[in-house]
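Read off the chains here:
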4 protein chains.
Amino acid sequence: MNDIGATRWAIAVGYIPPNSHGDAPQLTSHETVCILNAGDGEAHISITIYYADRDPSGPYRIAVPARRTRHIRFNNLKDPEPIPADTDFASVIESDVPVVVQHTRLDSRQAETALLSTIAYAAAD
Amino acid sequence: MNDIGATRWAIAVGYIPPNSHGDAPQLTSHETVCILNAGDGEAHISITIYYADRDPSGPYRIAVPARRTRHIRFNNLKDPEPIPADTDFASVIESDVPVVVQHTRLDSRQAETALLSTIAYAAAD
Amino acid sequence: MNDIGATRWAIAVGYIPPNSHGDAPQLTSHETVCILNAGDGEAHISITIYYADRDPSGPYRIAVPARRTRHIRFNNLKDPEPIPADTDFASVIESDVPVVVQHTRLDSRQAETALLSTIAYAAAD
Amino acid sequence: MNDIGATRWAIAVGYIPPNSHGDAPQLTSHETVCILNAGDGEAHISITIYYADRDPSGPYRIAVPARRTRHIRFNNLKDPEPIPADTDFASVIESDVPVVVQHTRLDSRQAETALLSTIAYAAAD
């Protein structure tokens with residue numbers, strides 16, 4: 001039993017800054033969901049995106065292999081539809097096996113970088 | 001059952017920076033409470049603001065429709081009274097249905113942006 | 001029953017930046033513990049500071065009145081002894097009634113401000 | 001019973017910025033795991049590092065004496081192998097006694113400092 005985490009997570013903050021300074025792609029403004037699957041089986045992830053004034057979009061489906069981490073930029077989610085920049089959103093992340101979810105933003109709209117991060121909210125199973 | 005979260009949350013940090021640099025409103029200094037209501041019924045939210053040296057103010061009442069998120073700037077809470085800038089405060093967020101609450105600040109008092117964020121403290125039901 | 005929180009909290013990160021840019025005291029580099037006492041009785045708080053290579057110091061005693069918040073800069077804790085700048089530390093915060101504890105740093109060592117914040121770790125009662 | 005915390009923790013975000021501005025070592029870009037052992041016995045810590053596209057590395061073994069904190073830069077973990085810069089990773093931190101774990105990054109790739117921090121995810125025992 002190497003797995004750790006929970007199967008249902010939420011991030012209430014989401015915002016893709018509409019512009020950037022600095023070298024791409026590292027310093028491109030981005031909003032990231034980081035997923036750790038420390039267990040011995042592949043994790044099948046579904047992400048649902050919630051907005052302020054329209055119905056949710058998704059599910060966005062992602063696989064995280066056993067004993068791997070994936071740091072996914074919301075900017076890069078395209079199927080079923082891209083997430084617009086400069087728009088408030090939130091997300092629910094569901095997995096068929098326990099994973100750990102952390103939220104990070106790098107904002108380079110101005111000349112210097114700003115960062116935030118928090119462990120997401122884990123629902124009790 | 002799509003809902004996720006808790007019905008009682010707290011944020012112990014609150015501070016509206018008194019000035020800003022950059023384009024308004026995106027880069028105006030702000031303190032934000034982000035609420036996700038992933039459930040199937042509208043959430044009726046009451047926010048109470050606590051200060052260092054006076055009685056609490058509120059409740060500030062906000063509705064978040066089913067399957068929606070709202071990112072609310074404390075700067076914009078006006079009823080029953082605005083929250084003064086450059087003043088320490090804290091907040092308790094109560095909802096009639098489970099929601100997820102996250103706290104974010106963008107500080108642009110100096111020329112460049114600084115950010116912080118954390119999932120709020122969820123009381124056990 | 002207005003109280004919310006826990007009676008024992010920990011913050012594993014502590015560091016008072018040794019210098020600052022910007023207007024004092026708002027933009028002086030600081031490490032802050034923010035405490036919310038939403039309950040109906042005064043909270044009597046004891047903070048113990050842990051270091052890398054010496055015995056802990058404290059307790060630092062602080063009262064937070066009923067229905068008040070206090071944002072305490074570690075820089076300002078003087079009794080029984082000040083916390084040195086430019087030194088790694090950690091803290092345990094204990095209260096006789098439930099409170100909510102959040103950790104924030106403003107770092108203005110360079111010309112621009114950086115911020116971090118997280119809800120502290122709450123021990124199960 | 002002075003101990004506080006849990007024995008199994010995870011941080012889903014890891015990234016050592018490949019360059020820095022400012023005085024070394026304080027303002028060198030770094031990714032840090034901060035561990036507080038408030039208990040009365042030494043903590044024996046094992047850290048496992050997870051990557052996106054290769055098997056995990058570790059365990060990295062660290063001792064934290066009783067009533068001490070250690071702030072460990074991932075940059076400085078060398079045995080069994082260093083963690084490459086500019087590479088996404090995640091970590092699981094296991095201890096034989098309860099500890100508290102917090103994650104912090106200082107990014108000085110651009111001229112000004114950016115900071116993030118969050119309490120790590122604690123597995124239920």
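As the structure is a computational prediction, the values presented were derived from the model and not from experiment.

Caption draft 1: Quick look at the overall build of chain A. Scanning chain A for helices and strands turns up zero helices and eight strands. What you see in chain A, going N to C, is helices and strands ordered as β-β-β-β-β-β-β-β. Residues counted as buried form 59% of the 125 residues belonging to chain A. In chain A, the share of contacts with a sequence separation of at least 24, taken over all contacts with a separation of at least 6, comes to 72%.

Caption draft 2: Spatial organisation of the pattern of salt bridges. All names here are of chain C. Applying the stated rule across the entire model yields 20 salt bridges over all chains. With its nearest N and O atoms 3.2 Å apart, the salt bridge here joins Arg54 to Glu81. Placement of the pair is Arg54 in the loop between β3 (43-51) and β4 (57-64) and Glu81 in the loop between β5 (68-73) and β6 (89-107), with a sequence separation of 27 residues. Owing to a relative accessible area of 30%, Arg54 belongs among the partly exposed residues under this scheme.

Caption draft 3: Region of the structure containing the packing of aromatic side chains. Residues and elements named next belong to chain D. Applying the stated criterion across every chain, the model contains eight aromatic pairs over all chains. Measuring from ring centre to ring centre gives 5.2 Å for Phe74 and Phe89, while their planes differ by 65°; the resulting arrangement is edge-to-face. In this pair, Phe74 sits in the loop between β5 (68-73) and β6 (89-107) while Phe89 sits in strand β6, placing the two residues 15 residues apart along the sequence. Phe89 gets classed as buried once you look at its relative accessible area, which sits at 0%.

Caption draft 4: Just the environment of Ala12 of chain D, in detail. Along the chain, Ala12 of chain D turns up in the loop between β1 (6-11) and β2 (30-37). Linking Ala12 of chain D and Ala120 of chain D, residues 108 residues apart in sequence, is a C-alpha distance of 8.5 Å. Apart from residues lying up to four places away in sequence, Ala12 of chain D is in contact with Cys34, Leu36, Thr69, His71, Val100, Val101 and Gln102 of chain A together with Phe89 and Ala90 of chain D.

Caption draft 5: A look at unusual backbone geometry. Cis geometry marks the peptide bond from Gly58 of chain A to Pro59 of chain A; its omega dihedral reads 0°. When you line up the elements, Pro59 of chain A lands in strand β4 (residues 57-64). Look at the link from Asp79 of chain B to Pro80 of chain B: it is a cis peptide, with omega at 20°. Within the secondary structure layout, Pro80 of chain B lies in the loop between β5 (68-73) and β6 (89-107).

Caption draft 6: Looking closely at the confidence of the model for chain A. Scored by pLDDT, chain A has a mean of 88; 85% of the residues are at 70 or more. In the model output, the complex is listed with pTM 0.92 alongside ipTM 0.91.

Caption draft 7: Local environment of the environment of Ala90 of chain A. Among the structural elements, Ala90 of chain A can be located in strand β6 (residues 89-107). As a C-alpha pair, Ala90 of chain A and Ala10 of chain A span 80 residues in sequence and 7.7 Å in three-dimensional space. Excluding anything up to four places from it in sequence, Ala90 of chain A contacts Ile11, Ala12, Thr48, Ile49 and Tyr50 of chain A together with Leu36 and Thr69 of chain B.

Caption draft 8: Quick peek at the side chain of His71 of chain A. Relative to the elements of secondary structure, His71 of chain A occurs in strand β5 (residues 68-73). Residue His71 of chain A is classed as buried on the basis of its relative accessible area of 17%. Separated by 3.0 Å, the side chain of His71 of chain A and the backbone oxygen of Ala12 of chain D make a polar contact. Other than its neighbours up to four places away in sequence, His71 of chain A contacts Thr32, Val33 and Cys34 of chain A together with Ala12, Val13, Gly14, Asp88 and Phe89 of chain D.

Caption draft 9: A look at the state of the cysteines. One pass over the structure, following the stated rule, counts zero disulfides over all chains. Among the cysteines around Cys34 of chain C, which has no disulfide bond, Cys34 of chain D carries the closest sulfur, lying 18 Å off. Take Cys34 of chain C: its relative accessible area is 2%, and that puts it in the buried class.

Caption draft 10: Spatial organisation of the environment of Asp40 of chain B. Residues and elements named next belong to chain B. Following the sequence through the fold, Asp40 ends up in the loop between β2 (30-37) and β3 (43-51). Judged by relative accessible area, which is 52%, Asp40 ranks as exposed. Asp40 sits 42 residues away from Pro82 along the chain, and the two C-alpha atoms are 31 Å apart. Non-local contacts of Asp40, meaning those with residues more than four positions away in its chain, are made with Asn2, Ala66 and Arg67. Within the local environment of Asp40, its side chain forms a polar contact with the side chain of Asn2, the two groups lying 3.4 Å apart. A polar contact of 3.0 Å, which involves the side chain of Asp40, links it to the side chain of Arg67.

Calculation notes
The residue numbering used here restarts from 1 in each chain and proceeds along that chain's sequence as written. Chain labels run from A onward and ligand labels from 1 onward, assigned in the order the entries are written. pLDDT decides what is reported in this predicted model: residues at 70 or higher carry local features, side-chain atom pairs at 80 or more are listed and counted, and totals for whole chains, interfaces and linings draw on all residues regardless. Hydrogens and water are ignored here; the side-chain numbers use all heavy atoms of the structure. What counts as a helix is a DSSP run of H or I of at least four residues, what counts as a strand is a run of E of at least two, and both are numbered from the N terminus. Here's how the labels work: a residue is buried when its accessible area is under 20% of the maximum for its type, exposed when over 50%, partly exposed in between, all with a 1.4 Å probe on protein chains only. Note on contacts: a residue pair is in contact if any heavy atoms of the two residues lie within 4.5 Å. Basic side-chain nitrogens of Lys or Arg form a salt bridge, by our definition, when they fall within 4 Å of a carboxyl oxygen of Asp or Glu. Only Phe, Tyr and Trp rings take part, Trp by its six-membered ring, and two of them pair if their centres are within 6.5 Å. Stacked means planes under 30 degrees apart, edge-to-face means over 60, and tilted covers everything else. pLDDT gives the predictor's per-residue confidence on a scale running from 0 to 100. Contacts described as polar in this section are N or O atom pairs within 3.5 Å, which, within protein, must combine one atom able to donate a hydrogen with one able to accept it, while residues neighboring in sequence count only if both atoms come from side chains. The rule for a disulfide is simple: a pair of cysteine sulfur atoms within 2.5 Å.

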